Amino acid sequence: MPGSLRIGKIAGIDIYIHVSWIIILVLLTVSLAIGWFPQLYPGQSTATYWIVSLIAALLLFVSVLLHELAHSLVARRRGLPVKNITLFIFGGVSNIEQEPKDPGIEFQVAVVGPLTSLLMLQLPLQGTNSPLEEILYYLAVTNILLGVFNLIPAFPLDGGRVLRSIIWKISGSMRQATRAASITGQVIAYLFILLGIWLFFTVSILDGIWLGFIGWFLLSSAQSANSQVMLASVFNGVTVGEVMNPKPTTVPANISLQQLVDVYFLPGGLRYALVMQADQLVGLITLSDIRHIPRDQWGQVSVSYAMIPLERLHVVSPQQTLSDVLPLMAGRDVNQLPVVQNGTPVGIVSRDAIVQYLEVRRGLGVDTPKSDAQNQLRKTA
Ligand SMILES: [Zn+2]
């Protein structure tokens, strides 16, 4: 996740904090110090409330981290590589680099997080009304909420993953199970939103907004997790070499944009071309690069001036899979990437070609995944 700071490493897993988490830490500390603790334990000094609140908020962070570590350690024990754990505004995510190979592993990895949170119920409460007990009570309450909330069967929440593993076990198809779990997740999200609207107009405006917000978050996560899994399973194992254009048009760097348009782009119906100088790839020129130059200057401006130079281009190799390359294209908002093998350009991979590839595959009725279990990036909250 961009905007994340690495704070350390536990059992070989990098731990990151996203900036949004720091905002939540501040908000949480403030609301505990002026709301929760003074109401539950009146008559203490302001300084006590603030110190207790900050410690409680930090320990909540430790609880979320323990929840994620439980997911990550079980995943690793079951042979799924774990990239890192990131804590952000809604809690944490464990970035597990593969989808589990069978529903049993999915079940174990998903269920252990909420179980860990619910285990915090066992925190020793002595009834001494000391600051320590105030903090322990707060942690017990929030960890129960954390455990119960994550068990809601709304994919991609842990409960939704548990549901998916059960449907997967019964149906034998991971894709069917993902679709079913995602639909369930969306239905639950809409229920949250409706309940939020109802609360907003009847009981409490703030609770209504809060529930609606959770519903919206669940809805967008369910939709994006579903399309991510679907896309990854369709693209799984498909290499750049299979979908690239192996004979992209090459143009010389020293001609003018006017010549480029008249000689290459218009007659060939091109949208992009590789730019070469003395047999070396030096850049990529696309329609949008040309459009950035005012038309009356096309005669004077050279291709090498308007192009994206090689050092600013991300190049890929024919062996890379589409599941690697698509996030790259989306992240950089580019429509094509040069394909380079041993320093020599061997093709171009474009969004158009990928869409076309998908269409053909669907037309032939072969849009079944090559393998459900490899090369996917899975996020477990
Ligand atoms: Zn979890």
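The following refers to the structure shown.

What counts, and at which threshold
- Along each chain, numbering runs from 1 in the same order as the chain's sequence is written.
- Per-residue local features are limited, in this predicted model, to residues with pLDDT of at least 70; the limit for side-chain atom pairs, both in listing and counting, is 80 or more; totals at the level of whole chains, interfaces and linings are taken over all residues.
- Processing note: side-chain calculations cover all non-hydrogen atoms of the structure and skip hydrogens and water entirely.
- Only DSSP runs of H or I covering at least 4 residues are called helices, and only runs of E covering at least 2 are called strands; the numbering of each starts at the N terminus.
- Here a residue-residue contact requires only that any non-hydrogen atoms of the pair lie within 4.5 Å.
- Computed with the Shrake-Rupley method and a 1.4 Å probe, the accessible areas treat only the protein chains shown as cover for residues.
- Any carboxyl oxygen of Asp or Glu that lies within 4 Å of a side-chain nitrogen of Lys or Arg is treated as forming a salt bridge with it.
- For the exposure calls, accessible area comes from a 1.4 Å probe over protein chains only, and a residue counts as buried if that area is under 20% of its type's maximum, exposed if over 50%, partly exposed in between.
- The length a helix should cover is 1.5 Å for every residue beyond the first.
- Think of each axis as a best-fit line through the C-alpha atoms, taken over the contacting stretch in the case of a helix, with angles from 0 to 180 degrees between the N-to-C directions.
- With the far helix as reference, a near helix turned anticlockwise by less than a right angle produces a left-handed crossing, and one turned clockwise produces a right-handed crossing.
- Asp, Glu, Lys and Arg are counted as charged, while Ala, Val, Leu, Ile, Met, Phe, Trp, Tyr, Cys and Pro are counted as nonpolar; the rest, among them Gly, fall into the polar class.
- For this analysis, a ring pair means two rings from Phe, Tyr or Trp (six-membered ring only for Trp) whose centres lie within 6.5 Å, classed as stacked if their planes differ by under 30 degrees, edge-to-face if by over 60, and tilted for the remaining angles.

Attention now moves to the overall build of the protein chain. Looking only at helices and strands, the protein chain features 13 helices and eleven strands. Relative to all contacts within the protein chain whose residues are 6 or more apart in sequence, the contacts with residues 24 or more apart total 63%. Summed over its atoms, the accessible surface of the protein chain is roughly 19400 Å², and 63% of this surface lies on carbon and sulfur atoms.

The next thing to look at is the pattern of salt bridges. For the structure on display, the rule yields four salt bridges. Note that Glu106 and Arg161 form a salt bridge whose closest N and O atoms lie 3.9 Å from each other. Here Arg161 lies in helix α5 (residues 158-171) and Glu106 lies in helix α3 (residues 103-119), a separation of 55 residues in the sequence. When its relative accessible area of 0% is taken as the criterion, Glu106 is described as buried. Note on Arg161: relative accessible area 3%, which makes it buried. The closest approach of N and O atoms between Asp352 and Arg271, which form a salt bridge, is 4.0 Å. Of this pair, Asp352 sits in helix α13 (residues 351-363) while Arg271 sits in the loop between α9 (257-268) and β6 (272-277), and the two are 81 residues apart along the sequence. You can call Asp352 partly exposed: its relative accessible area is 47%. Residues joined by salt bridges that share partners form a network here, namely Glu106, Arg161 and Arg164.

Taking 1.5 Å of rise per residue, the 20 residues of helix α4 (residues 131-150) would be expected to cover 28 Å, and the 28 Å separating its terminal C-alpha atoms lies within 8% of that figure. Contacts made by the buried residues of α4 are with α1 (19-40), α2 (46-77), α3 and α5.

The omega angle of the peptide bond from Phe155 to Pro156 is 10°, so this bond is cis rather than trans. For Pro156, the location among the structural elements is in the loop between α4 and α5. Positive phi is not limited to glycine here, since Asp279 has a value of about 65°. Checked against the element boundaries, Asp279 lands in the loop between β6 and β7 (280-286). Overall, the relative accessible area of 72% leaves Asp279 in the exposed class.

Our next topic: the packing of α2 against α4. Contact pair α2 / α4: the axes reach a minimum separation of 10 Å and the direction vectors enclose 35°. Relative to α4, the crossing made by α2 is right-handed. Facing Val52, Ile55, Ala56, Leu59, Leu60, Ser63, Val64 and His67 of α2, the residues of α4 in contact are Pro131, Glu134, Ile135, Tyr138, Leu139, Thr142, Asn143, Leu146 and Asn150. Of the residues belonging to the contact of α2 with α4, the class tally is eleven nonpolar, five polar and one charged.

Let us look at the packing of aromatic side chains. Taken as a whole and assessed by the stated rule, the structure comprises eight aromatic pairs. Ring geometry for Phe37 versus Tyr138: centroids 6.1 Å apart, planes at 55°, classification tilted. Placement of Phe37 in helix α1 and of Tyr138 in helix α4 is noted, with a sequence separation of 101 residues between them. Residue Tyr138 is classed as buried on the basis of its relative accessible area of 4%. An angle of 35° between the planes, with centres 6.0 Å apart, marks the rings of Trp210 and Phe213 as tilted. On the criterion of helical spacing, the pair formed by Trp210 and Phe213 is a turn pair, its members being three residues apart in helix α7 (residues 205-235). An aromatic cluster of three or more residues is present, and its members are Trp36, Phe37, Tyr41, Tyr137 and Tyr138.

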